[in-house]
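# Chains, contacts and geometry: an overview
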Amino acid sequence: MDEHIDEEQLESALLRRCTPDQMTEIQAHLAECALCSQRAEKLREYIDHLRAAIIAEEIDKGSTSNSST
Ligand SMILES: [Zn+2]
């Protein structure tokens, strides 16, 4: 495999939206390609960040609608 993984594929792998076959391919590529594993690392940080922001927003909504004590 000498093609790099595109952003969409990386994203779906990180979000576990791809098939197990694709996951295996992507992981195999990441193991051999420093460039793509760096991209995956950055993308994962970004996704974690987004996820944390979404969770924080939900907690915030929950607490504001519940804070009538
Ligand atoms: Zn690559």
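Residues numbered from 1 in each chain as written. Predicted model: local features only at pLDDT ≥ 70, side-chain atom pairs only at ≥ 80, totals over all residues.

## A look at the overall build of the chain
- Helix and strand content of the chain: three helices and zero strands.
- Counting helices and strands in the order they occur from the N terminus, the chain gives α-α-α.
- By the burial criterion, 9% of the 69 residues in the chain qualify as buried. (Helix = DSSP H or I, 4+ residues; strand = E, 2+ residues; numbered from the N terminus. Buried ≥ 20, exposed ≤ 12 C-beta atoms within 10 Å, placed from the backbone.)

## Observations regarding the nonpolar core
- Formed by Ile5, Leu10, Ala13, Ile26 and Ala40, the largest nonpolar core amounts to five residues.
- Filtering out sequence-adjacent residues up to four positions away, Ile5 remains in contact with Leu10, Ile26, His29 and Cys36. (Core = buried A, V, L, I, M, F, W, Y, C linked by C-beta atoms within 7 Å. Contact = placed C-beta atoms within 7 Å.)

## Looking at unusual backbone geometry
- Look at Arg16: it is not a glycine, yet its phi comes out positive at around 55°.
- Locating Arg16 in the fold gives a position in the loop between α1 (7–14) and α2 (20–32).
- Take Arg16: there are 8 C-beta atoms within 10 Å of it, and that puts it in the exposed class.

## Some points on the confidence of the model for the chain
- Across the chain, the average pLDDT comes to 90, with 88% of residues at 70 or higher.
- Of all secondary-structure elements in the chain, the lowest mean pLDDT belongs to helix α3 (residues 34–66), at 91, while α2 reaches the highest, 95. (pLDDT = per-residue confidence, 0-100.)

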